[in-house]
Amino acid sequence: MKKILILTGGGDCPGLNAVIRGIAKRARKEKGWEVYGSIEAFNGVMNEPQEIVRLTSKRTAGIHVKGGTILKTTNKSNPIHFPVVQADGTTKFVDRSDELVAKLKKLDFDAVINIGGDGSQKISKVLYDKGIPVIGVPKTIDNDLSATDMTFGFQTAVQIATESFDKLVTTAESHHRVMIMEVMGRDAGWIATHTAIAGGAEICLIPEIPYDVNKLLKRIHLRYKKGRGFVNIVIAEGAKPKEGTVTSTAGEKGSEHVRLGGVAYQLSKQLKDAGCKAEIRETVLGHVQRGGTPVAFDRLLASVFGVKAFELVLEKNFGRMVALKNNQIVSVTLDEATREPNFVNPGSYIVQAAKGLGISFGD
Ligand code: F6P
C-alpha cells in the first residue's frame, strides 16, 4: 500500500475541505493508495502521541460544501520557526525542521500534500530540500500569492464582503451617513478593491495606495453638496494614510504576524479631525469573511487543485505547488511559489477601472 499525508496550515479558508476531498477522491481512483490527514497542520506529526487520521470515504463525503477544515489548523506552530515560551515569559523561535523530517521519514509516507499560504509553502520548500516528497496547494482569502492567478477562498471572502457592503448602503442612505467598512487582506488590497467595485463604493482604501485624508474629505463633500448625501467606504485592514501608520497589535504568543484590524476607527477619527461634519459609523467585518460555505468558484478551484496535487504525486513531480495560470491548472516550483507576494498594482487596469467608476483611492 502507498500512503499519502494531507495537512492544512495557517489561517483557515473556505475551500480547504474541497481540496482534501479532491485529493482523496482522485487517490481512490488508483489502486493501492491510502489517504491520511495530520491534525492541526504539522502538530499531528510533531506531537506525542501523534494525531494522524485515515481519511476514509465516509470522512470526506460531502465536505466540499463545508467551511473551515476537517483537519483543523494553526498559525502558531511553524516547525521552521517554532515558538518556545521561556521561563521569563518571552518567546524564543527555534528551527525544528530536522525533528519534523525525521518523524516524517519514520512514518514513511510516499507523499505529503501541504495546503497553505505563503508561510506554509516556505515550510514545504524546507521539507522538500531535506528530502521529503512534498506538493503544495495554495490557499488564502487575501489572494496575495503571485505564483497563481487566484487562490481559493478569495471569491468567498469578496462575496461575503459585498453582501455586507450592500446592507450598509441601505442604512447609509436612510441616515445620510458615511459608512466605513473594513475588510481583511493583510498587506494586499484585493478583497477591498473587488468589493468596492462589486458593491459600488465611493471610496476604496488599500495598502498599495496611501491615502490623503483631505482628498477623501473633498469626495465626501461632493456627495453632500446637494443636502442629504451618503457615502460608503471600503478600507483594507492594511491601508495607511500618506502620513501616519497602520493600526496593528502585536501577534498573540507564538504567532509570527502582527494582528491587523481597526483602521476603520482610525479613518473615522482622521475624517472628523479634518472637519467631516457627516455622521460616521464603522464596521469591521473580521473573520466572517473566512467563515461558512465556499462559493461555487472556490469549491471548483479547490477541488481541481486537489485532483492536480494527487496527479503530481502519481508523476512523482515533487517540490511543486499547483497553480491557476491563464485559465489552466499548472504547477510551479516551490521556489517560484514563495518568491514574491501579489499586491494590487496601482497602475493596473483593475484600479483604473475602479477610478473610471468614480471610486476614489484617496491618491
Ligand atoms: O491571511 C488571512 C487573514 O484572514 C488575513 O486577512 C488577516 O489579517 C489574518 O488572516 C487574520 O489572522 P488571525 O485569524 O490569526 O487573526
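Owing to the predicted nature of the structure, the values given are computational and were not obtained by experimental measurement. (Residues numbered from 1 in each chain as written. Predicted model: local features only at pLDDT ≥ 70, side-chain atom pairs only at ≥ 80, totals over all residues. Heavy atoms only, no water.)

Residue position: Gly-62 is located in the loop between α3 (57-60) and β4 (82-85). On the basis of relative accessibility, which here comes to 42%, the residue Gly-62 falls in the partly exposed class. (Helix = DSSP H or I, 4+ residues; strand = E, 2+ residues; numbered from the N terminus. Buried < 20%, exposed > 50% of the residue type's maximum accessible area, 1.4 Å probe, protein only.)

You can see Gln-121 is positioned in helix α5 (residues 118-129). Look past the residues within four positions of Gln-121 in its chain and what remains in contact with it is Asn-114, Ile-115, Gly-116, Gly-136, Val-137, Pro-138, Met-321, Leu-334 and Thr-338. (Contact = heavy atoms within 4.5 Å.)

Attention shifts here to the packing of helix α1 (residues 16-28) against helix α10 (residues 296-314). Direction vectors running N to C along α1 and α10 enclose 40 degrees, while the axes themselves pass 7 Å from each other. On the basis of their axis angle, the class for α1 and α10 is oblique. Handedness of the α1/α10 crossing: right-handed. Contact residues: α1 offers Ala-18, Val-19, Gly-22, Ile-23, Arg-26 and Ala-27, while α10 offers Arg-299, Ala-302, Ser-303, Gly-306, Val-307, Phe-310, Glu-311 and Leu-314. Considering only residue class, the contact of α1 with α10 consists of eight nonpolar, three polar and three charged. (Axes fitted to C-alpha atoms, helices over the stretch in contact; angles between N-to-C directions. Parallel < 35°, antiparallel > 145°, perpendicular 65-115°, else oblique. Left-handed = near helix turned anticlockwise from the far one by under 90°. Nonpolar A, V, L, I, M, F, W, Y, C, P; charged D, E, K, R; others polar.)

In this section: unusual backbone geometry. In the segment running from Glu-48 into Pro-49, the intervening peptide bond is cis, with an omega of -5 degrees. Tracing the backbone through its elements, the reader meets Pro-49 in the loop between α2 (43-46) and β3 (52-54). Its identity is not glycine, yet Asn-327 carries a phi of approximately 70 degrees, on the positive side.

As summarised here, the arrangement of the four strands in space is β9-β10-β8-β13, forming an open sheet in which the pairing is parallel. Strands with a single pairing partner mark the edges of an open sheet, and in this sheet they are β9 (203-205) and β13 (280-284). Each adjacent strand pair in this sheet contributes to an overall mean axis angle of 15 degrees, direction not counted. Bridge count between strand β8 (residues 178-183) and strand β10 (residues 231-236): six bridges; the pairing is parallel. Bridge pairing in β10 links Met-179 to Asn-232. Strands in contact with helix α6 (residues 154-175) are β8, β10 and β13; relative to β8, the strand with the most contacts, it is inclined by about 170 degrees. Along the sheet, helix α9 (residues 263-273) makes contact with β8, β9, β10 and β13, crossing β13 at roughly 165 degrees. (Pairing = 2+ DSSP bridges.)

This part covers the domain arrangement of the protein chain. When cut into domains, the protein chain gives domain 1 (2-152 + 294-325) and domain 2 (157-290 + 345-356). Its C-alpha centre places domain 1 at a distance of 33 Å from the equivalent point of domain 2. With 17 residues of domain 1 at the interface, the matching set in domain 2 holds 15 residues. Counting each side, the surface lost to burial between domain 1 and domain 2 is near 1,300 Å², with a carbon and sulfur contribution of 57%. The closest approach of N and O atoms between Asp-12 and Arg-290, which form a salt bridge, is 2.9 Å. Where domain 1 packs against domain 2, one counts two residue pairs in polar contact (both at pLDDT 80 or more). (Domains from an automatic or database assignment. Buried area = accessible area lost by both parts, 1.4 Å probe. Salt bridge = Lys/Arg side-chain N within 4 Å of Asp/Glu carboxyl O. Polar contact = N/O pair within 3.5 Å; in protein donor to acceptor, adjacent residues only side chain to side chain.)

Attention now goes to the nonpolar core. The biggest cluster of nonpolar side chains holds 63 residues, and the ones touching the most others in it are Ile-4, Ile-113, Ile-115, Val-137, Phe-152, Ile-191 and Val-313. Lining this core are residues from two domains, each supplying at least three of them: domain 1 (2-152 + 294-325) and domain 2 (157-290 + 345-356). In this view, Ile-113 contacts Ile-4, Leu-5, Ile-6, Leu-7, Ile-23, Ile-135, Val-137, Ala-309, Phe-310 and Val-313; residues no more than four positions away in its chain are not counted. (Core = buried A, V, L, I, M, F, W, Y, C linked by side-chain atoms within 4.5 Å.)

What follows deals with the pairing of strand β2 (residues 33-38). The buried count for β2 comes to six of six residues, which makes it a mostly enclosed element. Of the two faces of β2, the one lined by Trp-33, Val-35 and Gly-37 and the one lined by Glu-34, Tyr-36 and Ser-38 are each fully buried. Handedness of the crossover joining strand β1 (residues 2-8) and β2 through α1 is recorded here as right-handed. The sheet contact formed by β2 and β3 spans three bridges and is antiparallel. Within β3, the position partnered with Gly-37 by the bridge is Val-53. (Right-handed = clockwise from strand over helix to strand, strands pointing away.)

Bringing the site of the ligand into the picture now. Every residue lining the ligand is accounted for by Asn-75, Ile-141, Asp-142, Met-184, Gly-185, Arg-186, Glu-237, His-287 and Arg-290. Within the side chain of Arg-290, a nitrogen or oxygen atom sits 2.9 Å from an oxygen atom of the ligand. Taking 400 Å² as the accessible area of the ligand by itself, protein coverage stands at 80%. Residue classes in the shell around the ligand are distributed as two nonpolar, three polar and four charged. (Near = heavy atom within 4 Å. Areas by Shrake-Rupley, 256 points an atom, 1.4 Å probe, with all protein chains shown as cover.)

By the definition in use, this model includes 15 salt bridges. Among the salt bridges present, the one from Asp-98 reaches Lys-130, with a minimum N-O distance of 2.8 Å. Here Asp-98 is found in helix α4 (residues 97-107), whereas its partner Lys-130 is found in the loop between α5 and β7 (134-138), with 32 residues between them in sequence. The partner of Lys-125 in a salt bridge is Asp-129, with the nearest N and O atoms 2.5 Å apart. One end of the pair is Lys-125 and the other is Asp-129, both in helix α5 and four residues apart, which spans about a single turn. Linked by salt bridges that have partners in common, Arg-26, Glu-30 and Glu-311 make up one network.

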